[in-house]
Structure formats: C-alpha cells, structure tokens
Amino acid sequence: RMRITDSGRVGIGVLSPSSELEIKNASTSAGFTITTGNTTDDGYINFNDGATAGQILYKHSDNYMRFYVNAAERMRIDSSGSLGIGTTSPGNRLHVASGSSTQVRYQATNSGSVYTRFENTDNARGYIGYEAKKLVFYGDNGTNSANKKFAAMDADGLKFNEDTASAN
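Asks: Run through the overall build of the protein chain, naming residues and quoting values.
Replies: When you go through the protein chain residue by residue, the secondary structure sums to zero helices and 14 strands. From first element to last, N terminus to C terminus, the protein chain shows the α and β order β-β-β-β-β-β-β-β-β-β-β-β-β-β. The C-alpha atoms of the protein chain give a radius of gyration of 25 Å, which is well past the 15 Å a tight globule of 168 residues would have. Oriented by its inertia axes, the alpha-carbon framework of the protein chain measures out at about 75 × 40 × 35 Å. Counting the 168 residues in the protein chain, one finds 18% classified as buried.

Asks: Describe the packing of aromatic side chains, naming the residues involved and giving the relevant values.
Replies: For the structure on display, the rule yields three aromatic pairs. For the pair Tyr-115 and Tyr-127, a centre-to-centre distance of 6.0 Å together with 70 degrees between the ring planes defines the contact as edge-to-face. Of this pair, Tyr-115 sits in strand S10 (residues 114-119) while Tyr-127 sits in strand S11 (residues 125-131), placing them twelve residues apart in sequence. Classification of Tyr-115 by relative accessible area gives partly exposed; the value is 36%. An aromatic cluster of at least three residues, connected via ring pairs, comprises Tyr-115, Tyr-127 and Tyr-138. Cation over ring: Arg-76 sits above Tyr-64, and NZ or CZ is 3.8 Å from the ring centre.

Asks: Kindly report on the side chain of Thr-87, identifying the contributing residues and their values.
Replies: By the element assignment, Thr-87 lies in the loop between strand S8 (83-85) and strand S9 (94-96). Taking the relative accessible area as the measure of exposure, Thr-87 reaches 17% and is therefore buried. Within polar-contact distance, the side chain of Thr-87 engages the backbone nitrogen of Ser-89 at 3.2 Å. For Thr-87, the residues in contact, after removing those within four places along its chain, are Arg-76, His-95 and Ala-97.

Asks: Please give an account of the pairing of strand S6 (residues 64-69) that cites residues and values.
Replies: Remember that side chains alternate between the two faces of the sheet whenever the strand is regular. Of the pairings in the sheet, the one linking strand S5 (residues 53-59) to S6 comprises five bridges and is antiparallel in character. Counterpart to Ile-56 in the pairing with S6 is Phe-67. As consecutive antiparallel partners, S5 and S6 are separated by four residues, and within that stretch Asn-63 has a phi angle of approximately 55 degrees, a positive value. Taking the residues between adjacent antiparallel strands as the criterion, S6 and strand S7 (residues 72-77) are bridged by two residues, where Asn-70 takes a positive phi near 55 degrees.

Asks: Describe the sheet that holds strand S1 (residues 2-4), with residues and values.
Replies: Here we have three strands laid out as an open sheet, ordered S1-S2-S3, and mixed in their pairing. Looking at strand neighbours, the two that pair on one side only are S1 and strand S3 (21-23), the edges of this open sheet. Within this sheet the neighbouring strands show an average axis-to-axis angle of 10 degrees, counted without direction. Direction of pairing for S1 relative to strand S2 (residues 10-12): antiparallel, over a ladder of three bridges. By the bridge assignment for S2, Arg-3 is matched with Gly-11.

Asks: Lay out the pairing of S7 in plain terms, naming residues and giving numbers.
Replies: Judged from the five bridges that link them, S6 and S7 form a sheet pairing that is antiparallel. Paired with Arg-66 across the two strands is Arg-76, which belongs to S7. Linking S7 to S8, which pair antiparallel, is a turn of five residues; within it Gly-81 sits at a positive phi near 95 degrees.

Asks: Tell me about the sheet that holds strand S13 (residues 148-154), and name the residues and values.
Replies: Pairing within the open sheet is antiparallel, and its five strands lie in the order S10-S11-S12-S13-S14. The sheet is open, and its two edges are formed by S10 and strand S14 (157-160), each paired on a single side. Neighbour-to-neighbour, the strand axes of the sheet open up by a mean angle of 15 degrees, direction not taken into account. With four bridges connecting them, S13 and S14 associate as antiparallel partners. Bridge pairing in S14 places Ala-151 opposite Phe-160.

Calculation criteria
Residues numbered from 1 in each chain as written. Predicted model: local features only at pLDDT ≥ 70, side-chain atom pairs only at ≥ 80, totals over all residues. Heavy atoms only, no water. Helix = DSSP H or I, 4+ residues; strand = E, 2+ residues; numbered from the N terminus. Rg over C-alpha atoms; globule rule 2.2 N^0.38 Å. Buried < 20%, exposed > 50% of the residue type's maximum accessible area, 1.4 Å probe, protein only. Phe/Tyr/Trp six-rings, centres within 6.5 Å; stacked < 30°, edge-to-face > 60°. Lys NZ or Arg CZ within 6 Å of the ring centre and 35° of its normal. Polar contact = N/O pair within 3.5 Å; in protein donor to acceptor, adjacent residues only side chain to side chain. Contact = heavy atoms within 4.5 Å. Pairing = 2+ DSSP bridges. Axes fitted to C-alpha atoms, helices over the stretch in contact; angles between N-to-C directions.

See the structure below:
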C-alpha cells in the first residue's frame, strides 16, 4: 500500500515512485487532502529552496485561497469566486491591480486573431478583438450571433461598418 524507497521517495499505491511523493490508484481518481484541526486553522503547501518561497494557502476562517510567489501574495480567489491578481480584495469577478501600468495580454501563438467576448444570460453577445492589424468591434445582430462588425480602428483612424476614415 505504501513504500518508502532507500532514496527517501514515498509511493502510495505504487512500488517505485518517480518523484518524492507519488500517489496512484489504478481503478479511480487519486488525490490527497489536507485536513486542519478547526475552522480557524489554515491549510497550505509550501515550496522553498532556501532562498525563495512559494505557497498555496487556504484560509478557513475567511474562505479564500491565496497564492504566494517569491514570498509575496500574487493571486487570491475569494469565497464568492472572484479572482484578484495584485490585490487581496478583488472588487469584481476578475480584478487585476498593479502599482504601475496594468495590462492584460491576450496572444495568439500564430497569425490568428484575438478577442474578448461579452455575453449575457440570453446569449446576446459582443466582441472586441484584434484582427488583420485592426482593433475591431462586433455586436449582436439580433439573432445572438455577434457577427455584426460595426467599427474598426487601424492606422488610418476609426471606421464604422466598412466606411473609410475620411467618410467618418
């Protein structure tokens, strides 16, 4: 059921663990649980090389999870499911904060386009994107398909529909 090798590796459900701790269940899912003494204790996993530290911590008393990188909190998920990056108090579902210019980057790894999609519960939607060296804006065409391009901006300026910048 469990083996500690002569090199100090621990295998649970495996005879020859390939890492310091390996858990294997051949017939179903496998995992591990960190159980704390009570609702005021924290559960955590630490990563340390003697110089830098990382940590994943679950704060039971406040029901949030935080992620530390290089000994500083970098990301938090609160009890409502809001994600904060660079903030410990996310004010929106996604809240990105920085002491300098804040950027969120979307990158296609080929020559493809990149979009941010907005959608509500009745599937009405719109997009803001970057395609063919233009910032583009798409809106719902009345059939919840978001395929109506109503504006684009490129080096020549802002264009509505397929007009030229000088027409606008």
